[in-house]
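# Fold and contact review
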Amino acid sequence: MTPGRSSMPPVLLAALYQTDFRPVPLEEFIKVGNTIYDKKMDVVRTISKTADLGGKDPDHIVELCNEVVQEGNSVLLFCSSRKGCESTARHIAKFIGKCPVSAHNDKSEFFDITSAIDGLRRSPAGLDPILEGTLPSGVAYHHAGLTVEEREIVETCYRKGLVRVLTATSTLAAGVNLPARRVIFRQPRIGRDFIDGTRYRQMAGRAGRTGIDTKGESILLCKPEELKRIKGILNDSCPALHSCLSDDKNGMTHAILEVVAGGIVQTASDIHRYVRCTLLNSTKPFEDVVKSAQESLKWLCHRKFLEWNEDTKLYSTTPLGRASFGSSLCPEDSLIVLDDLSRAREGFVLASDLHLVYLVTPTNVEVEPDWELYYERFMELSALDQNVTFHATDPK
């Protein structure tokens, strides 16, 4: 059992029910080079070096997809980036073997790939050229860059069996119920981060369709130097549960602002009622949790996110607090943005587009500039843009 899970029932006023039952058994594999291993690192099979379904495809992605597709089943292929999804979909569509595609009977308007492509063409974003090229081969991609209409059409085609191979980012595993016969991990990474056990289990859990498959398969591709870390992820138990409101997580301040802005907490007694309902309260003494919440309230009032009315004895949000709540930024980040905007307003120049670049630059990405190159580019700017840069840049 996950450490910390026993703390949840009191918080949720519920009973703990635990089972390892899975309607469709899941078989997990690791692929290194040409060899596929099981979780115990026993060799399952070796893919022949002569297998050349995918042209320059050293990872045998096309081969792994094709052997499932030819049996009339589907594949989910997770990639670490949006660009990776699109390029992998193009590659698979180019080399995958042709197979008979028959749509499952339902009331959807898309009864074949041609009607699906027409639907995409009529959508507000128009027909995506990549999907136009991959859909006829029964291949598509899915990531957050698609519009709502595009996602709905792709998901419908996948559920109907018109799409047999779907490349996707990890966001699909979190929010969409699209199971497959086989799940393939293109790399053991999500973005730049190495995959952890929780995300791996969520994504691998997509393998196996209840009522259709007798088993599901997940294959994780990795390099030899990553193997030790991968074995730990596959065989370790789930990580312990920790409250994001703890002091080391800095979540209490953000949480207090949200509950005050949402009207859940307005009085001092409301604080006690709120913290009793948190996971943190089940893992730390109640007095310590209340103290942490009260300190967060004082900080928010001092920084002008909240205000205390002596007459009504109620807490309420200030314009700054409402702006922070509405933007979903934590209070600390909100102060950074406020400082940047206040400084920019002093020299706001509508005649230059450079301000727009400044305003859309993320504040949470730390990059150390090449100051020599920065100075060279600065000296090449017009006097107008230099004025914008001077006011928008931290004078220190």
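### Section: the overall build of the protein
- Helix and strand counts for the protein stand at 18 helices and 12 strands.
- Of all 396 residues assigned to the protein, the portion counted as buried reaches 41%.
- In the protein, the proportion of contacts linking residues at least 24 apart, taken out of those at least 6 apart, comes to 66%.
- Carbon and sulfur atoms make up 53% of the accessible area of the protein, which totals about 22,800 Å².

### Observations regarding the environment of Leu-384
- Mapped onto the secondary structure, Leu-384 falls in helix H18 (residues 383–392).
- Sequence spacing of Leu-384 and Leu-354 is 30 residues, and the spatial spacing of their C-alpha atoms is 9.5 Å.

### Here we look at the sheet that holds strand S6 (residues 165–168)
- The 8 strands lie next to each other as S3-S2-S1-S10-S7-S4-S6-S5, forming an open sheet whose pairing is mixed. In this open sheet, the two strands that pair with only one neighbour each are strand S3 (43–46) and strand S5 (139–142). Each strand of the sheet is rotated relative to its neighbour by a mean of 20°, with strand direction disregarded.
- Helix H2 (residues 61–69) contacts strand S1 (26–32), strand S2 (35–38), S3, strand S4 (75–78), S6, strand S7 (182–185) and strand S10 (216–221) of the sheet and is inclined by roughly 175° relative to S7.
- The strands touched by helix H3 (residues 82–95) within the sheet are S4, S5 and S6, with S5 carrying the most contacts at an inclination of about 175°.

### As for unusual backbone geometry
- In this model, Lys-304 sits at a positive phi of 70°, which is unusual for a non-glycine residue.
- Relative to the helices and strands, Lys-304 resides in the loop between helix H13 (286–302) and strand S11 (306–309).
- For Lys-304, a relative accessible area of 57% corresponds to the exposed category.
- Backbone geometry places Ser-328, a non-glycine residue, at a positive phi of 65°.
- Position of Ser-328 among the secondary structure elements: in the loop between helix H14 (319–327) and helix H15 (331–346).

### Examining the side chain of Thr-167
- Following the sequence through the fold, Thr-167 ends up in strand S6.
- Classification of Thr-167 by relative accessible area gives buried; the value is 0%.
- A distance of 2.9 Å separates the side chain of Thr-167 from the backbone oxygen of Cys-85, its partner in a polar contact.
- Aside from chain neighbours lying at most four places away, what touches Thr-167 is Leu-77, Cys-79, Cys-85, Thr-88, Ala-89, Ile-92, Ala-140, Tyr-141 and His-142.

### Some details on the pairing of S1
- The element S1 is largely enclosed, with a buried count of 5 among its 7 residues.
- As judged from the 6 bridges shared by S1 and S10, these two strands associate in the parallel manner. Pairing of Leu-26 across the sheet is with Gly-216, part of S10.
- Relative to S2, S1 runs antiparallel, the two being bridged by 4 bridges. Within the sheet, the bridge partner assigned to Val-32 lies in S2 and is Thr-35.
- Between S1 and S2, which pair antiparallel and follow one another directly, the connecting turn spans 2 residues, one of which, Gly-33, has a positive phi of 65°.

### A closer look at the pattern of salt bridges
- Under the defined criterion, the tally for this structure stands at 12 salt bridges.
- With a shortest N-O distance of 2.7 Å, Arg-186 and Asp-59 are connected by a salt bridge. Taken together, the residues span a long stretch of sequence, with Arg-186 in the loop between S7 and strand S8 (189–190) and Asp-59 in the loop between S3 and H2 at a distance of 127 residues.
- Among the ionic pairs, Glu-217 bridges to Lys-215, the shortest N-O distance being 3.7 Å.
- A relative accessible area of 25% places Lys-215 in the partly exposed class.

### Some remarks on the confidence of the model for the protein
- Residue-level pLDDT values for the protein average 83, and 84% of them are 70 or greater.
- Ranking the elements of the protein by mean pLDDT puts helix H1 (residues 8–12) last, at 64, and S7 first, at 95.

### Things to note about the packing of helix H4 (residues 113–122) against helix H6 (residues 148–160)
- At their nearest, the axes of H4 and H6 sit 10 Å apart, and the two run at 170° to each other. Judged by the inter-axis angle, H4 sits roughly antiparallel to H6. Residue-level contacts link Ala-116, Gly-119 and Leu-120 of H4 to Glu-150, Ile-153 and Cys-157 of H6.
- Here the residues of the contact of H4 with H6 are counted per class, giving 4 nonpolar, 1 polar and 1 charged.

### Here we look at the side chain of Ser-324
- By the element assignment, Ser-324 lies in helix H14.
- The exposure class assigned to Ser-324 is buried, which follows from its relative accessible area of 2%.
- Setting aside its immediate chain neighbours within four residues, Ser-324 contacts Leu-257, Phe-305, Leu-329, Cys-330, Pro-331 and Ser-334.

### Some details on the environment of Ile-113
- Here Ile-113 lies in helix H4.
- A relative accessible area of 15% means that Ile-113 is categorised as buried.
- Separated by 23 residues in sequence, Ile-113 and Pro-136 place their C-alpha atoms 6.3 Å apart.
- Once residues lying within four places of it in the same chain are set aside, the contact partners of Ile-113 are Leu-135, Pro-136 and Leu-162.

### Section: the packing of aromatic side chains
- Inspection of the entire model under this criterion finds 5 aromatic pairs.
- For the ring pair Trp-371 and Tyr-374, a centre distance of 5.4 Å and an interplane angle of 70° mean the geometry is edge-to-face. Of this pair, Trp-371 and Tyr-374 both sit in helix H17 (residues 371–380), 3 residues apart, roughly one helical turn.
- Accessibility expressed as a relative area gives 49% for Trp-371, which makes it partly exposed.
- Ring pairs connect the aromatic residues Phe-78, Phe-185 and Tyr-200, which therefore count as one cluster.
- The ring centre of Phe-194 lies 4.0 Å from the NZ or CZ of Arg-229, which sits over that ring.
- The lysine or arginine in question, Arg-276, covers the ring of Phe-286, its NZ or CZ lying 4.0 Å from the ring centre.

Procedures and definitions
Residues numbered from 1 in each chain as written. Predicted model: local features only at pLDDT ≥ 70, side-chain atom pairs only at ≥ 80, totals over all residues. Heavy atoms only, no water. Helix = DSSP H or I, 4+ residues; strand = E, 2+ residues; numbered from the N terminus. Buried < 20%, exposed > 50% of the residue type's maximum accessible area, 1.4 Å probe, protein only. Contact = heavy atoms within 4.5 Å. Areas by Shrake-Rupley, 256 points an atom, 1.4 Å probe, with all protein chains shown as cover. Pairing = 2+ DSSP bridges. Axes fitted to C-alpha atoms, helices over the stretch in contact; angles between N-to-C directions. Polar contact = N/O pair within 3.5 Å; in protein donor to acceptor, adjacent residues only side chain to side chain. Salt bridge = Lys/Arg side-chain N within 4 Å of Asp/Glu carboxyl O. pLDDT = per-residue confidence, 0-100. Parallel < 35°, antiparallel > 145°, perpendicular 65-115°, else oblique. Nonpolar A, V, L, I, M, F, W, Y, C, P; charged D, E, K, R; others polar. Phe/Tyr/Trp six-rings, centres within 6.5 Å; stacked < 30°, edge-to-face > 60°. Lys NZ or Arg CZ within 6 Å of the ring centre and 35° of its normal.

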